[in-house]
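Secondary and tertiary structure notes
Residues per chain are reported as follows:
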Amino acid sequence: MDLSFTPEQEAYRQKVREWLVDNIPEGWGTPQFQWPNDEQERGAILREWDRKLHEGGFAGISWPKEYGGQGLTHVEEIIYDEEAGKLNAPGGINVLGKLLLGPTLLQFGSEEQKQRFLPPLLSGEEIWCQGFSEPNAGSDLAALQTRAELDGDEWVITGQKVWTSYAHHADWCFVLARTDQEAPKHRGISFILVPMHAEGVSVRPLVQLNKNKDFNEVFFDNVRVPKENVVGGVNNGWKVAMGTLGFERGTLALGRQVRFQNEFNELVKLAGDTRATDGTLVKDNPYFRQKLVEIFNDIRIMRYHGLKTISQLLNEGKLGPEASLQKLFWTTMHVNLGEAGMEVLGEQAPYWGTDSVGRGKIQDTYFGSRGATIYAGSTQIQKNIISEMILGMPR
Ligand SMILES: Cc1cc2nc3c(=O)[nH]c(=O)nc-3n(C[C@H](O)[C@H](O)[C@H](O)COP(=O)(O)OP(=O)(O)OC[C@H]3O[C@@H](n4cnc5c(N)ncnc54)[C@H](O)[C@@H]3O)c2cc1C
């Protein structure tokens, strides 16, 4: 594996950096930036960013040109992610469309589906959400009960999804539904593209303790969808969904390492400004020094894991169960980073306002890092996959 970038790739990096400096919304990421309270206004800012990215030629960097992409490789994709991470650029709102549905359609979709759905996804015209989890089907996803029955040329979908991130902004949802009631539970599932504005779809936000509304419950009440909206074949949805989850587990890590490095740098700065109860600076305390060095090393290791993933994507075009190793590694590291931050804050940790020490960012990391140990398959599920599929241990 060659870890160096070519002169062309370095030139691309320069182009990305210049574009980002010129286009990141003014004041973004600074204490002065006023992030609106209204959920729709926040959505509008992120939609505008997606539109700008597309206009600037930075949407679908590694996707084929015929579907609106840039026809480059995953290397340019990670270069963009690294530069965007360094400048703390916005993430956009079509995260699930770009990270999950796009790669899934490129691997499993029909030609018509790729042509119909990929260009508006990249231009920010159509926002996507992921309808996998249900009240009684999370880790045991194959227990899902949402059903789709064929009526003439249409599927009629009925059921409930939960924890559906971005559903309140989404135009479309990729839904797992049971299309054969008699088949063994992994075999009777299909992956169906469902318009969120169709009659019978309703979205109910789930309000979190911090008052954010990031997820929703989504109800489907006899929602009619064209027959051809199934991806990868009827009753083949489990295989397609496992491909989607592979992308979610593996590629999510690529752009994050630089953002984690930023969080780490802020933590080191804080440790240099904070005094322990004995009056010494936290950064001089051997206990904290040891912790910080371990986290620093893990962020570096994460980068090499990321580069290895790119190598695998370039060579084989897909990710295997190793994606679980990646996910387990970076989520554990991020939890450690959040916990170390709370320890550095000490008695100041419970106060979480924007005028608090560190402007509440450490508390955001602490709580947010927990979520990543659950979505895309919980930590325990990743351990099961690693032990069974990589180590060959008995079930
Ligand atoms: C921030 C966030 C965003 C999300 N966004 C989405 C989304 O957009 N779309 C979507 O479809 N879903 C989404 N989810 C839901 C997520 O996929 C589920 O929460 C996850 O699959 C776990 O399912 P569950 O919550 O039902 O927990 P359960 O499956 O009930 O698990 C409860 C506990 O039991 C453990 N456990 C369960 N089974 C086993 C086992 N076999 N072996 C060992 N331990 C086990 C789990 O690890 C966990 O600790 C999101 C979740 C979070 C936290």
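Residues numbered from 1 in each chain as written. Predicted model: local features only at pLDDT ≥ 70, side-chain atom pairs only at ≥ 80, totals over all residues.

What follows concerns the overall build of the protein chain. Counting secondary structure elements, the protein chain contains eleven helices and eight strands. The C-alpha atoms of the protein chain give 22 Å as radius of gyration, which agrees with the globular expectation for 395 residues (21 Å, within 12%). Split into buried and exposed, the 395 residues of the protein chain put 38% on the buried side. Taking contacts inside the protein chain between residues at least 6 apart in sequence as the whole, the part at least 24 apart equals 72%. (Helix = DSSP H or I, 4+ residues; strand = E, 2+ residues; numbered from the N terminus. Rg over C-alpha atoms; globule rule 2.2 N^0.38 Å. Buried ≥ 20, exposed ≤ 12 C-beta atoms within 10 Å, placed from the backbone. Contact = placed C-beta atoms within 7 Å.)

The subject of this paragraph is the site of the ligand. Taken together, 18 residues lie around the ligand, and F132, G138, S139, G371 and S378 are the ones closest in. Of the residues in the shell around the ligand, the class split is seven nonpolar, eleven polar and no charged. Each of domain 2 (128–235) and domain 3 (252–390) accounts for three or more of the residues forming the shell around the ligand. (Near = placed C-beta within 6 Å. Nonpolar A, V, L, I, M, F, W, Y, C, P; charged D, E, K, R; others polar. Domains from an automatic or database assignment.)

Turning our eyes to something else, we now look at the environment of Y375. Tracing the backbone through its elements, the reader meets Y375 in the loop between α10 (361–372) and α11 (379–390). Judged by the 19 C-beta atoms lying within 10 Å of it, Y375 falls in the partly exposed class. Each C-alpha atom of the pair Y375 and Q326 lies 14 Å from the other, and the pair is 49 residues apart in sequence.

Ranked by internal contacts, the top residues of the largest apolar core, which has 61 residues, are W128, I157, A170, C173, I192 and V194. Per-element accounting of this core gives the leading share, six residues, to strand β4 (residues 172–178). Those residues in contact with A170 that sit more than four places away from it in its chain are I127, W128, C129 and M196. One finds L292, M333, L337 and Y366 within the second-largest nonpolar core, a separate group that totals 17 residues. (Core = buried A, V, L, I, M, F, W, Y, C linked by C-beta atoms within 7 Å.)

Tracing the backbone through its elements, the reader meets R17 in helix α1 (residues 7–23). For the pair R17 and A84, spaced 67 residues apart in sequence, the C-alpha to C-alpha distance is 7.8 Å.

Before going further, it helps to examine the domain arrangement of the protein chain. Where interface size is quoted, it is often the accessible area lost as the parts come together. You can read the domains of the protein chain as domain 1 (7–93), domain 2 (128–235) and domain 3 (252–390). A straight line from the C-alpha centre of domain 1 to that of domain 3 covers 23 Å. With eleven residues of domain 1 at the interface, the matching set in domain 3 holds ten residues. In terms of residue class, the side of domain 1 that touches domain 3 is made up of four nonpolar, four polar and three charged.

Our next topic: the packing of helix α3 (residues 74–86) against helix α8 (residues 286–316). Close contact between α3 and α8 brings their axes to 9 Å; oriented N to C, the two are set at 150 degrees. As summarised for this structure, α3 and α8 are arranged roughly antiparallel, according to the angle between their axes. Of the residues in α8, those in contact with H74, V75 and I78 of α3 are G306, I310, L313 and L314. Grouping the amino acids of the contact of α3 with α8 by side-chain chemistry returns five nonpolar, two polar and no charged. (Axes fitted to C-alpha atoms, helices over the stretch in contact; angles between N-to-C directions. Parallel < 35°, antiparallel > 145°, perpendicular 65-115°, else oblique.)

This part covers unusual backbone geometry. Leaving glycine out, the prevailing phi sign among residues is negative, and the prevailing peptide bond configuration is trans. Of note, N222 is a non-glycine position whose phi angle comes to about 55 degrees, a positive value. By the element assignment, N222 lies in strand β7 (residues 215–226). Despite not being glycine, N235 shows a phi value in the positive range, around 65 degrees. Inspection of the secondary structure assignment puts N235 in the loop between β8 (230–231) and α6 (237–251).

Moving on: the pairing of strand β1 (residues 128–131). Side-chain alternation along β1 places W128 and Q130 on one buried face and C129 and G131 on a second face that is also buried. Alignment of β1 against β4, held across four bridges, turns out to be parallel. Each residue of the ladder has a partner; that of W128, found in β4, is W172. (Pairing = 2+ DSSP bridges.)

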